[in-house]
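Close look at the chain arrangement
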Amino acid sequence: VKNHWLDVILSQVEDNRPFAILGAKYNGDKWDNFYEQIPLSLLHHINGNAIYNTSHPLMERLVGQLEVEAPCPYNSIPYDYR
């Protein structure tokens, strides 16, 4: 664990307000040969951890939609890839 890691996260939160979901997208080079063929939903898929602003209206709507979809097959697809 790095020293002051929480301070770095809090700084990112302050710098990026307002947001519903704050996270990193894939930043590697493995997709370079077929980047143009990748669907936008995958290009914008969060890679790794994220910070969720639970008071943001979009998050409230997302949670409501996920609750509706809980008993159906859609719940096996990542919410940010749909």
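Preceding this paragraph is the structure being described.
Residues numbered from 1 in each chain as written. Predicted model: local features only at pLDDT ≥ 70, side-chain atom pairs only at ≥ 80, totals over all residues. Heavy atoms only, no water.

1. Quick notes on the overall build of the protein chain
Convention followed: Going along the chain from the N terminus, every DSSP run of H or I of four or more residues is numbered as a helix, and every run of E of two or more is numbered as a strand. Each radius of gyration is computed over the set of C-alpha atoms, and the globule rule expresses the reference value as 2.2 Å times the number of residues to the power 0.38.
For the protein chain, the helix and strand inventory stands at three helices and two strands. In the protein chain, the succession of α and β elements from N to C terminus is α-β-α-β-α. The C-alpha radius of gyration computed for the protein chain amounts to 16 Å, which surpasses the reference 12 Å derived for 82 residues by more than 25%, pointing to a less compact arrangement than a globule. Taking the principal axes of its C-alpha atoms as reference, the protein chain extends roughly 40 × 40 × 25 Å.

2. Details of a nonpolar patch on the surface
What counts here: Any residue with relative accessible area above 30% and no salt bridge may belong to a patch, with like charges joined within 9 Å and the nonpolar Val, Leu, Ile, Met, Phe, Trp and Tyr side chains within 5 Å. Only the protein chains shown count as cover for residues, and the accessible areas themselves come from Shrake-Rupley with a 1.4 Å probe. One speaks of a salt bridge when a side-chain nitrogen belonging to Lys or Arg is within 4 Å of a carboxyl oxygen belonging to Asp or Glu. Categorising residues by exposure relies on relative accessible area from a 1.4 Å probe, with only protein chains included: less than 20% of the type maximum marks a residue as buried, more than 50% marks it as exposed, and the intermediate range marks it as partly exposed.
Residues Val 1, Trp 5, Leu 6, Ile 9 and Leu 10 make up a contiguous nonpolar surface patch of roughly 540 Å² in combined accessible area. Assignment of secondary structure puts Val 1 in the segment before α1 (5-16). Since its relative accessible area comes to 96%, Val 1 is described here as exposed.

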